[in-house]
2 protein chains.
Amino acid sequence: MIKVAIAGYGNLGKGVEKAVAKNADMELVCVFTRRDPASLTVASGVPVVAMADMAAWTDKVDVVVLCGGSATDLPKQTPEVASLFNVIDSFDTHAKIPQHFAAVDAAAKQAGKLAMISVGWDPGMFSLNRVYAESILTDGSTYTFWGKGVSQGHSDAIRRIPGVKRGIQYTVPVPEAIEAVRAGKNPELTTRQKHTRECFVVAEEGADKAAIEEAIKTMPNYFDEYDTTVNFITEEAFEADHKGLPHGGFVMRSGVTGEGTNQLIEYSLTLGSNPEFTASVLVCFARAAVRLAAEGQCGAKTVFDIAPKYLSPLSDEELRAHLL
Amino acid sequence: MIKVAIAGYGNLGKGVEKAVAKNADMELVCVFTRRDPASLTVASGVPVVAMADMAAWTDKVDVVVLCGGSATDLPKQTPEVASLFNVIDSFDTHAKIPQHFAAVDAAAKQAGKLAMISVGWDPGMFSLNRVYAESILTDGSTYTFWGKGVSQGHSDAIRRIPGVKRGIQYTVPVPEAIEAVRAGKNPELTTRQKHTRECFVVAEEGADKAAIEEAIKTMPNYFDEYDTTVNFITEEAFEADHKGLPHGGFVMRSGVTGEGTNQLIEYSLTLGSNPEFTASVLVCFARAAVRLAAEGQCGAKTVFDIAPKYLSPLSDEELRAHLL
């Protein structure tokens, strides 16, 4: 059995707890938290341990799944925890991946631990599909579309506007853009042409709705480069229709082989729950991390470094016989 | 520069020749053939060498891409050539992969060569997507649909019927079956419910068309388990509309995480030319074969054994900075 610990018990940590339960060769050993452990009950009933007491668990845990945020938690946590355990995180600030990799790699190598970073669906499965598709179709264009799905960052931004009681934002790919890619037209697409943003807002009693709408649509970086729709709804409607965290998207590579032969590769995800799916990706790569560590490998790794056979509980012979 | 040789100059071999030209770090060195070399001119103008004289080229070639057929060529050729060169093939008789792997592995290990087998899109990219998707969504069902595309085996079968001058068969996935999978219904699908078969036939002058149609529709193994349509067309129409070898298909994994949350992973290919796409997959895995051999690895490998970074001409740093 692969012994897994979770660090951080938010949506992602709860998703990892559920995903481990769906893998017969894995067991959850404990949950590490920065909160008072006595204040936290976890669904599976495993021990809850203060992050400060982690070191006592090094013999009992094969891999720690780090479930903190990319903005402030992981840049500090991943190198620190990698000095004690094999780890895996879902660090998703694309621009800062090289520096995160370097910091984690140094810490993990010094401790002789294996540390996987930036595992999930983007970065993660979408990244893998970009590499496979671009390696196959060298002459072509790659497109990534996100949605339809909830952007937590944009939802948070809406909720900071005065007069907004509740708010959620869906990123929606533009169907005409996807169709143009599928048709082999290799379009050059602006930000506005790729995605629209749909907002659902519950306003405070007496709030100025026109002002809220204006504040959303003109918000720099978040909304000003997009066509944005703002829908004011009741709290009951919000509760009924906007509690989930669905997401998904497409990676498409449109290319040409030989003398102008069109070829199209498309990978898409339709996710009922973004955190539960990300958790499921983390858990199978956690299996790979433990196996690579057992082979004596150490340092930071990404999804690009992992041969697919390491992800599956099946043997090489079973994979060749049944899935090849 | 990675020095590539092609063995076998049919549709696939010609596709490899074109694909190598689209990879700046590769060059085609020669084409090996069983025909009289003097009788064969190749588009790129590289030397044409008799298969029997291969051994003289061991110092000039890094990897041989074997482009023969799976029925009789590759079971013999791949182990033989792997005793002299690093090789890669597209062996696609799924049921015989384990025995082919064993034969190639023994020959390659004895010679200290690396031999990749069963590389293409199915087996190949579809296999990879089955393993990734099943490792992530452990609780779910996998579906593979093929088409719309030309099945060479079924086209050959039609052409063996008396009275058939020309014939081609398209495998077509049933749209309702794909929609049921996308809707998360986890349908149990019979052979007939997954694909239909569309045939286009040019009959010989005076042939009995009803007899031809009956012979096609009732042919055991090939057509009797499917809903088949037979269209008789003129030779001009055949020439105008049915000269290409398009293909493609879908790998879909519909699964559940947590307490019944639906998740869907979909990979699809829309290929203007089946042999040119297969060739493009072969060429990037040939790069991986050469790199693994340079690391001292030997024996038989499949797509499951290859970390994606080995496929790309980009460095690890470039991949992390731009594609993760």
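These remarks concern the structure in this document.

### Observations regarding the pairing of strand 12 (residues 247–257) of chain B
Residue and element names in this part refer to chain B.
- The element strand 12 is extensively covered by neighbouring structure, given that 10 of its 11 residues are classed as buried.
- Bridging between strand 7 (residues 140–146) and strand 12 involves seven bridges; their strand directions are antiparallel. Looking across to strand 12, one finds that W146 is bridged to G249.
- Pairing geometry for strand 12 and strand 13 (residues 261–271), over 11 bridges, is antiparallel. Bridge pairing links G255 to Q263 in strand 13.
- Where strand 12 folds back onto strand 13 in an antiparallel hairpin, the turn is made up of three residues, including G258, whose phi is positive at roughly 55°.

### Things to note about the pattern of salt bridges
- Per the stated rule, a full pass over the model turns up 45 salt bridges over all chains.
- In this structure, B:R34 engages B:D73 in a salt bridge whose closest nitrogen and oxygen atoms are separated by 3.0 Å. Residue B:R34 is located in the loop between strand 2 (26–33) and strand 3 (48–50), and its partner B:D73 is located in helix 2 (residues 73–82); the two are separated by 39 residues in the primary sequence.
- Residue class for B:R34 comes out exposed when judged on its relative accessible area of 60%.
- In the salt-bridge network here, residues are joined through shared partners; they are A:K165, A:R166, A:E235, A:E239 and A:K243.

### Here's the deal with the relation of the copies chain A and chain B
- When chain A is brought onto chain B, the operation consists of a screw motion whose angular component is 180° and whose axial shift is 0.0 Å, with 0.0 Å RMSD remaining. One copy is carried onto the other by what is essentially a two-fold rotation axis.
- Mapped onto chain B, 100% of the interface residues of chain A again fall at the interface, so both copies present the same surface.

### A few points about the pairing of strand 4 (residues 63–66) of chain A
Residues and elements named next belong to chain A.
- Covered by surrounding structure in strand 4 are V63 and V65 together with V64 and L66, the residues of both alternating faces.
- Relative to strand 4, strand 1 (residues 2–7) is paired through four bridges, and the arrangement is parallel. Across the sheet, residue I6 finds its bridge partner in strand 4, namely V65.
- Note: strand 4 against strand 5 (residues 87–88), two bridges, orientation parallel. Along strand 5, the bridge assignment pairs V65 with I88.
- Following the backbone out of strand 4, through helix 2 (residues 73–82) and into the adjacent parallel strand 5, one traces a crossover that is right-handed.

### So, the interface of chain A and chain B
- In this complex, chain A contributes 62 residues to the contact, which on the side of chain B involves 62 residues.
- Between chain A and chain B, a total of about 5,400 Å² is buried, with carbon and sulfur atoms accounting for 62% of that surface.
- The tally of links between chain A and chain B comes to six salt bridges.
- Residue A:K22 is joined to B:D139 by a salt bridge in which the shortest nitrogen-to-oxygen separation is 2.7 Å.
- In terms of residue count, the dominant contributor to the side of chain A that touches chain B is strand 13 (residues 261–271) of chain A (11 residues).
- Class assignment of the residues belonging to the side of chain A that touches chain B gives a composition of 30 nonpolar, 19 polar and 13 charged.
- The sheet contact formed by strand 13 of chain A and strand 13 of chain B spans nine bridges and is antiparallel.

### Describing the nonpolar core
- Among the nonpolar cores identified, the biggest contains 164 residues, and A:F32, A:V64, A:F285, B:F32, B:V64 and B:F285 are the most heavily contacted of them.
- Beyond its immediate sequence surroundings of up to four residues, B:F32 is in contact with B:A5, B:I6, B:A7, B:G8, B:V49, B:A50, B:M51, B:M54, B:W57, B:V64 and B:F85.

### Examining the sheet that holds strand 7 of chain B
- The sheet built from six strands is open, its strands ordered 7(A)-12(A)-13(A)-13(B)-12(B)-7(B) with antiparallel pairing. Two strands in the sheet have a free side with no partner beyond their single neighbour: strand 7 (140–146) of chain A together with strand 7 of chain B. Within this sheet the neighbouring strands show an average axis-to-axis angle of 5°, counted without direction.
- Sheet strands touched by helix 4 (residues 125–136) of chain A: strand 7, strand 12 (247–257) and strand 13 of chain A together with strand 13 of chain B. Its angle to strand 12 of chain A, the strand with the most contacts, is close to 5°.

### Details of empty space enclosed by the protein
- The full count for this structure, using the stated rule, is four cavities of 30 Å³ or more.
- What lines the largest cavity is a set of 14 residues, and nearest its centre among them are A:A19, A:K22, A:S280, B:I136 and B:T257.
- For the lining of the largest cavity, the secondary-structure elements that each account for two or more residues are helix 1 (11–21) and helix 10 (274–294) of chain A together with strand 12 of chain B.
- Per-element accounting of the lining of the largest cavity gives the leading share, three residues, to helix 1 of chain A.
- For the lining of the largest cavity, the per-class residue count stands at four nonpolar, six polar and four charged.
- The calculated volume of the second largest cavity comes to roughly 70 Å³.
- In terms of lining, the second largest cavity is formed by A:I136, A:L137, A:T138, A:D139, A:V256, A:T257, A:G258, B:K18, B:A19, B:K22, B:N23 and B:S280.
- At the level of secondary structure, the elements contributing two or more residues to the lining of the second largest cavity comprise strand 12 of chain A together with helix 1 (11–21) of chain B.

### What to know about the packing of helix 10 of chain A against helix 4 (residues 125–136) of chain B
- Axis separation between helix 10 of chain A and helix 4 of chain B bottoms out at 8 Å; the angle between their running directions is 110°. Overall, the two elements helix 10 of chain A and helix 4 of chain B adopt an arrangement that is roughly perpendicular. Contact residues: helix 10 of chain A offers A:F277, A:S280, A:V281, A:C284 and A:F285, while helix 4 of chain B offers B:Y132, B:S135 and B:I136.
- Of the residues belonging to the contact of helix 10 of chain A with helix 4 of chain B, the class tally is six nonpolar, two polar and no charged.

### A look at the environment of B:V201
Residue and element names in this part refer to chain B.
- Along the chain, V201 falls in strand 10 (residues 195–203).
- On the accessibility criterion, V201 (0% relative accessible area) is buried.
- For the pair V201 and V4, spaced 197 residues apart in the sequence, the C-alpha separation amounts to 39 Å.
- With residues up to four places along the chain from it excluded, the contact list for V201 reads I158, V164, R166, G167, I212, I216, V230, N231, F232 and I233.

What counts, and at which threshold
- Residues numbered from 1 in each chain as written.
- Chains lettered and ligands numbered in written order.
- Predicted model: local features only at pLDDT ≥ 70, side-chain atom pairs only at ≥ 80, totals over all residues.
- Heavy atoms only, no water.
- Buried < 20%, exposed > 50% of the residue type's maximum accessible area, 1.4 Å probe, protein only.
- Helix = DSSP H or I, 4+ residues; strand = E, 2+ residues; numbered from the N terminus.
- Pairing = 2+ DSSP bridges.
- Salt bridge = Lys/Arg side-chain N within 4 Å of Asp/Glu carboxyl O.
- Least-squares fit on C-alpha atoms with pLDDT ≥ 70 in both.
- Contact = heavy atoms within 4.5 Å.
- Right-handed = clockwise from strand over helix to strand, strands pointing away.
- Buried area = accessible area lost by both parts, 1.4 Å probe.
- Nonpolar A, V, L, I, M, F, W, Y, C, P; charged D, E, K, R; others polar.
- Core = buried A, V, L, I, M, F, W, Y, C linked by side-chain atoms within 4.5 Å.
- Axes fitted to C-alpha atoms, helices over the stretch in contact; angles between N-to-C directions.
- 1 Å grid on protein atoms, 1.4 Å probe; cavity = no way out; pocket = protein on both sides within 12 Å on 5 of 7 lines; lining within 4 Å.
- Points joined across faces, edges and corners; volume = space filled by probe spheres on them.
- Parallel < 35°, antiparallel > 145°, perpendicular 65-115°, else oblique.

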